[in-house]
Amino acid sequence: MAVETPSPEVINLMGDVAELMLAELDDLVAEMDAAEIELSPAAGSDAAVLADTSASNRANAARVLSTFARREAKMAPIDIPPEALDVARTIARRGLDLDVLFQSYRRGQNVAWRRYMAHATRLVPVGPLLLELLEASSQRLFAYVDHVLGCVVIAAQREREEVLGGAIARRAETIRLILDGAAIDTTRAGERLGYDLRQRHTALVLWTPPHGDVQGALESAATALARAAGTRPPLTLSVGPSTLWAWLGSSSEPALDTLPEAIEQAQNHIRVAVGPTRPGITGFRRSHEAALSIQSLLAGHPGGARVALFRDLEVTALAAQNTNRAAEFVAATLGPLAEDTSAAARLRETLRVFLDEAENAPRAATRLHTHRNTVLQRVARATELLGYQPGERRLAMELALELAHQLGPRVLTTGPVGA
């Protein structure tokens, strides 16, 4: 049945509601993300799937709301955001049930529609005009979602068919069996992978912000890191358009200290989490699990270091497993210094480096590229705000500062603080 063109008044109101929702796009996307994570906790625990899902939610919401905001009488042809296709490919490569994709879209649609109705009812009194507004808006919104969902499911099915064929499928299947702890013969598995599982393994997770398929750049970066570490060429597995798993095989300890310099030769948006070096097939799995934990720790805070070693962040990762509890700990330990402001951040970073340098102000000043007296002034101000000497609770203080440094806004509070 043909859809009637809404009246000019309704078209204008649709634009008004859309502009209100675009102004709170961050909150809308966060609510959509949370609803979809609740549907599939396994997908939500995977940093790459979570990032791609969030990027898709943002792209779809911005696309449809911007269409409404243009206040066009005729609905424009629907084109698919690249981010929507990215998450379809990621889900297919992860081996997740495609029903997760379908249900996630429906949940996201429901979240957006509830918000839309709430704004509409505040703008328009109950009556025929409100009914016309909701009817016209729902037809356009649901038509958009139905069209995009149909296209991304087809894309995911095609991706799965491609991944399921040939050597890539055999490699992916063998790696997943190892990671799942299945009973598998080490020699046979190594032959299928073309990789010696009896050696020592250092797992890497390389990723970028979701912005298109960058697998070639990730593969090149993994190869460069292997070369810098002095290991054999890496075993790799693509697990999404912007994520690559890799393992560096070696007979001795690799030169991991060379990796920060080596990653500078790769594209500047690529980051890497590095697991510990462990022997045998169990070490293959354990190192990968550790690298994933570091990626999950850092993925939501893009301003951090490009190379993160498990050996440096193991304690922080353990403390951050429950983000809500970590935030409570940071707030209780740092007090006003836990506020998400530039002034508090400056004091936190100075105090973190000062304690890391055994309270040596000149060395801290060198690392911070500032003057010794500035360091001492900031430490004094931080101590004043804390209400106690940082050294009195040194272990808790250093951990809280590291959590704030690595997780950023996820464990910080809002509000002003003096500097």
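- Per an unreviewed UniProt entry, the protein chain carries the name PucR family transcriptional regulator and comes from Mycolicibacterium llatzerense.
- Reading the Sequence similarities (unreviewed entry) entry of the UniProt record for the protein chain gives the comment "Belongs to the CdaR family."

### Structural notes on the domain arrangement of the protein chain
(1) Moving on: Domain boundaries assigned for the protein chain yield domain 1 (8–163), domain 2 (198–316) and domain 3 (322–410).
(2) Moving on: If you average the C-alpha positions of domain 1 and of domain 3, the two centres end up 41 Å apart.

### Notes on the nonpolar core
(1) Moving on: In terms of nonpolar packing, the biggest core is built from 57 residues, with Trp247, Leu334 and Leu351 touching the most fellow members.
(2) Moving on: Broken down by element, this core gets its largest block of residues, seven residues, from helix H12 (residues 280–298).
(3) Moving on: Of the residues that make up this core, three or more belong to each of domain 2 (198–316) and domain 3 (322–410).
(4) Moving on: Not counting chain neighbours up to four residues away, the residues in contact with Leu351 comprise Leu337, Val379, Ala382, Leu386, Pro390, Met397 and Leu401.
(5) Moving on: If you look at the next biggest cluster of nonpolar residues, it comprises 41 residues, including Met14, Met21, Met32 and Val87.

### A word on the pattern of salt bridges
(1) Moving on: Within the structure shown, the criterion is met by 25 salt bridges.
(2) Moving on: The residue Arg71 makes a salt bridge to Asp16 at a minimum N-O spacing of 2.6 Å. Highlighted residues: Arg71 in the loop between helix H4 (47–69) and helix H5 (82–94) and Asp16 in helix H1 (residues 8–23), separated in sequence by 55 residues.
(3) Moving on: With its nearest N and O atoms 3.3 Å apart, the salt bridge here joins Arg394 to Glu398. Here Arg394 and its partner Glu398 are both found in helix H18 (residues 394–407), four residues apart, which amounts to about one turn of the helix.
(4) Moving on: Judged by relative accessible area, which is 31%, Glu398 ranks as partly exposed.
(5) Moving on: Where salt bridges share partners, they join Asp356, Glu357, Arg363 and Arg367 into one cluster.

### Things to note about the pairing of strand E2 (residues 235–238)
(1) Moving on: Relative to strand E3 (residues 243–250), E2 runs antiparallel, the two sharing four bridges. Across the sheet, the residue bridging to Leu237 is Trp245, located in E3.
(2) Moving on: Hairpin connection from E2 to E3: four residues lie between these consecutive antiparallel strands, with Gly240 at a positive phi of about 160 degrees.

### Description of the sheet that holds E2
(1) Moving on: Sheet architecture is open: five strands sit in the order E2-E3-E1-E4-E5, paired in mixed fashion. Of all strands in the sheet, those with a lone pairing partner are E2 and strand E5 (307–309), marking the two edges. The average angle at which neighbouring strand axes cross in this sheet is 20 degrees, direction not considered.
(2) Moving on: Pairing analysis gives three bridges linking strand E4 (residues 271–279) to E5, with the strands arranged parallel. The residue bridging Val274 from the neighbouring strand is Leu309, located in E5.
(3) Moving on: Strand contacts of H12: strand E1 (200–207), E2, E3, E4 and E5, with the helix running at about 155 degrees to E4, the strand carrying the most contacts.
(4) Moving on: Sitting on the sheet, helix H13 (residues 310–319) touches E4 and E5, and the angle it makes with E5 is about 70 degrees.

Parameters and conventions
- Residues take numbers from 1 onward in each chain, read along the sequence in its written order.
- Where local features are concerned, this predicted model is filtered to residues with pLDDT of at least 70; where side-chain atom pairs are given and counted, the filter is 80 or more; whole-chain, interface and lining totals use all residues.
- Side-chain calculation: all heavy atoms of the structure are included, whereas hydrogens and water are not.
- UniProt positions are given in the numbering used here, feature names are shortened, and annotations may be inferred rather than shown by experiment.
- For every domain, the bounds stem from an assignment made automatically or drawn from a database.
- Buried Ala, Val, Leu, Ile, Met, Phe, Trp, Tyr and Cys residues form a nonpolar core when they are joined through side-chain atoms within 4.5 Å.
- Only protein chains enter the accessibility calculation, which uses a 1.4 Å probe; a residue is then buried when its area is under 20% of its type maximum, exposed when over 50%, and partly exposed in between.
- Put simply, DSSP marks the helices as runs of H or I at least four residues long and the strands as runs of E at least two long, and each gets a number from the N terminus on.
- The contact criterion used throughout is that any non-hydrogen atoms of two residues lie within 4.5 Å.
- Each reported salt bridge corresponds to a side-chain nitrogen of Lys or Arg within 4 Å of a carboxyl oxygen of Asp or Glu.
- At least two DSSP bridges between two strands are needed for those strands to be called paired.
- The angle between two axes is taken between their N-to-C directions and runs from 0 to 180 degrees, where each axis is a line fitted to C-alpha atoms and a helix contributes only its stretch in contact.

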